[in-house]
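So you can see what is in the structure, the chains are spelled out below.
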Amino acid sequence: MSLTARRVLDLPPYMFAEIDRVKRRMLDEGHRLLDFGVGDPDQPTPPFIVEAMIEAARLPRHHRYPGYAGMKSFRQAAADWCEKRHGVLADPDSEVLALIGSKEGISHLPLALIDPGDLVLVTDPGYPVYVNSIRFAGGLVALVPLSDENQWLPDLSAIDPALADRARMMIVNYPNNPIGATADREFFERLIAWAKKHDVFLMHDAAYIEVGYDGWRPPSLLSLPGGKDVGIEFHSLSKTFNMTGWRIGFAVGNPEAIKALATVKTQIDSGVFEPVQVAATIAYRQGESALADILAIYQRRRDRLVPALRALGLDAMSPRGAFYIWTRVPAGESSAGFARRLLENSGVVVMPGTGFGARGEGWFRFSLTVADVQIDELLSVLPKALG
Ligand SMILES: *Cc1c(COP(=O)(O)O)cnc(C)c1O
């Protein structure tokens, strides 16, 4: 018998293992790679946030175990941010919970809400953590396809009502990774009505909610009437303030779900290092102009890359939110085959759509978290690589 547990053995193979192998081999052979694969901001955390962390780290009172739910000052700043940016009113004590990055909360939510055998609807393509954390909790997954024809939104009228009635929860993510698709208020309105009709709880992964372009602000599920009755939303400072390494985010929404998640977490972690919470508090209190600067960089890159890709004959979507360019694979090739060919021919790393689910077949993802000089290089090598 294997030492490793079934739930680990049963995990699907790491989606980019193949790409990673080729990447490592090429690096070993001395090739330079142009990595448009990772969704990790290239820009540093704004200095005023770093300084706040350094100052707080000097104070011994911040060296002890933090509280489980997060500092009141952080939860209040998160609640105020939600009100100011999204028109969402949330009680910082019962409706906001600090997280060690939003991925931590997203992956623990099924343990809080899902019993073995419960059904959860998950969109395909999607962030792989959703499906695997549901399975860890013993839940069952039904995939809801996203497609070009429906603007990459789940077609609620196409979900079998019997399946909807059986489902305990549904997970959505807008602006979306990997697609860059966005949802407007009207979609969330319909989603809430559907959720109420079928008694389905909604989990909205809002990691990119602050990443909207041309002045457009992606809406919060919780800003619509009834949203908080039927939903929880996961926010993160990672993409908002270039803080992926810091590990901080928060959950906001339905107080029973928040309480259940907080209870699970008391048995798993012991909160977020207080200096990180102090820095995050400053980010939410004083960060709006820094955020505008960060968004301007991605918008400029988008406006450069999308037309250039189209001029090369690629069918590239211009995103209204998130920092990905979802692009159709040239006719006759698979996502994995194309990603591999691009890497081997030209050292360009992209994410094959199938890494995010079967419905990603035929597509691949460029990330905009890459310095402008590398975008120049990409555009100089692509014509030959595609040819
Ligand atoms: C980056 C990302 C997250 C997680 O971010 P954290 O750093 O854990 O806050 C969650 N969901 C999606 C879709 C992401 O791309």
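Our subject is the structure that appears above.
Below or above, wherever it landed, is the structure these notes cover. (Residues numbered from 1 in each chain as written. Predicted model: local features only at pLDDT ≥ 70, side-chain atom pairs only at ≥ 80, totals over all residues. Heavy atoms only, no water.)

1. Brief notes about the site of the ligand
In the neighbourhood of the ligand, 15 residues make up the surrounding shell, with Asp-205, Tyr-208, Ser-236, Ser-238 and Lys-239 lying closest. Here an oxygen atom of the ligand and a side-chain polar atom of Tyr-208 are 2.7 Å apart. In the model, an oxygen atom of the ligand is placed 2.7 Å from a nitrogen or oxygen of the Arg-247 side chain. Protein contact buries 93% of the 390 Å² of open area that the ligand shows by itself. Grouping the amino acids of the shell around the ligand by side-chain chemistry returns 5 nonpolar, 6 polar and 4 charged. (Near = heavy atom within 4 Å. Polar contact = N/O pair within 3.5 Å; in protein donor to acceptor, adjacent residues only side chain to side chain. Areas by Shrake-Rupley, 256 points an atom, 1.4 Å probe, with all protein chains shown as cover. Nonpolar A, V, L, I, M, F, W, Y, C, P; charged D, E, K, R; others polar.)

2. A closer look at the layout of surface pockets
In this structure, the second largest pocket spans a volume of roughly 320 Å³. Lining the second largest pocket are Leu-113, Ile-114, Arg-168, Ala-195, Asp-199, Val-200, Phe-201, Asp-229, Val-230, Asn-254, Glu-256 and Ala-257. Counting only elements with at least two residues in the lining of the second largest pocket, the list comes to helix 9 (227-230) and helix 10 (255-266). (1 Å grid on protein atoms, 1.4 Å probe; cavity = no way out; pocket = protein on both sides within 12 Å on 5 of 7 lines; lining within 4 Å. Points joined across faces, edges and corners; volume = space filled by probe spheres on them. Helix = DSSP H or I, 4+ residues; strand = E, 2+ residues; numbered from the N terminus.)

3. Description of the pairing of strand 2 (residues 96-99)
Burial along strand 2 is two-sided: Val-96 and Ala-98 facing one way and Leu-97 and Leu-99 facing the other are all buried. Both strand 2 and strand 8 (residues 249-253) contribute to a ladder of 4 bridges, which runs antiparallel. Residue pairing in the sheet places Ala-98 in a bridge with Phe-250 of strand 8. (Buried < 20%, exposed > 50% of the residue type's maximum accessible area, 1.4 Å probe, protein only. Pairing = 2+ DSSP bridges.)

4. Some details on empty space enclosed by the protein
For the coordinates displayed, the defined rule picks out 1 cavity of 30 Å³ or more. What the largest cavity holds in volume is close to 30 Å³. As for the largest cavity, its lining consists of Trp-81, Ala-206, Ala-207, Ile-209, Glu-210, His-235, Ser-236, Thr-240 and Tyr-284. In terms of residue class, the lining of the largest cavity is made up of 5 nonpolar, 3 polar and 1 charged.

5. Some details on the sheet that holds strand 3 (residues 119-124)
Within the open sheet, the 7 strands sit side by side as 2-8-7-6-5-3-4. Their pairing is mixed. The sheet is open, and its two edges are formed by strand 2 and strand 4 (140-145), each paired on a single side. Neighbour-to-neighbour, the strand axes of the sheet open up by a mean angle of 20°, direction not taken into account. The pairing of strand 3 with strand 4 spans 6 bridges and is parallel. Residue pairing for strand 4: Val-122 is matched across the bridge by Leu-143. Most of the contacts of helix 6 (residues 129-136) go to strand 4, to which it runs at about 160°, and overall it touches strand 3, strand 4, strand 5 (167-172) and strand 6 (201-205). (Axes fitted to C-alpha atoms, helices over the stretch in contact; angles between N-to-C directions. Contact = heavy atoms within 4.5 Å.)

6. Details of the sheet that holds strand 12 (residues 363-367)
An order of 9-12-11 is seen for the 3 strands of this open sheet, with the pairing classed as antiparallel. Each edge of the open sheet carries a strand with a single partner, namely strand 9 (324-328) and strand 11 (351-352). Strand direction decides the pairing type here: strand 11 and strand 12, joined by 2 bridges, are antiparallel. Across the sheet, Pro-352 pairs through a bridge with Phe-364, a residue of strand 12.

7. Some words on the packing of helix 5 (residues 102-113) against helix 6
Running from N to C, helix 5 and helix 6 point in directions that differ by 40°, and their axes come no closer than 7 Å. Taken together, the axis directions place helix 5 and helix 6 in an arrangement best described as oblique. Considering how the two elements wind past one another, helix 5 and helix 6 form a crossing that is right-handed. Across from Lys-103, Ile-106, Ser-107 and Pro-110 in helix 5, the residues of helix 6 making contact are Val-129, Tyr-130, Ser-133 and Ile-134. Classifying every residue of the contact of helix 5 with helix 6 gives 5 nonpolar, 2 polar and 1 charged. (Parallel < 35°, antiparallel > 145°, perpendicular 65-115°, else oblique. Left-handed = near helix turned anticlockwise from the far one by under 90°.)

8. Re the pattern of salt bridges
Enumeration over the complete set of coordinates arrives at 28 salt bridges. Among the salt bridges present, the one from Glu-95 reaches Lys-228, with a minimum N-O distance of 2.9 Å. One end of the pair, Glu-95, is in the loop between helix 4 (72-86) and strand 2; the other, Lys-228, is in helix 9, and 133 residues separate them in sequence. Put simply, Glu-288 and Arg-217 hold a salt bridge, and the shortest N to O gap is 3.9 Å. In this pair, Glu-288 is assigned in helix 12 (residues 288-311) and Arg-217 in the loop between strand 6 and helix 9, connecting sequence segments 71 residues apart. Sharing partners across several salt bridges, the network here consists of Lys-84, Arg-85, Glu-210, Arg-217 and Glu-288. (Salt bridge = Lys/Arg side-chain N within 4 Å of Asp/Glu carboxyl O.)

9. As for helix 3 (residues 47-57)
Within the span of helix 3, buried status applies to Ile-49, Ala-52 and Ala-56. An end-on view of helix 3 places all buried positions within 60° of arc, on one side of the element. Turned more than 90 degrees from where helix 3 packs its buried face, Pro-47 and Glu-55 sit exposed. Turning to helix 3, the residues buried within the fold contact helix 11 (274-286). (Arc of directions from axis to C-beta.)

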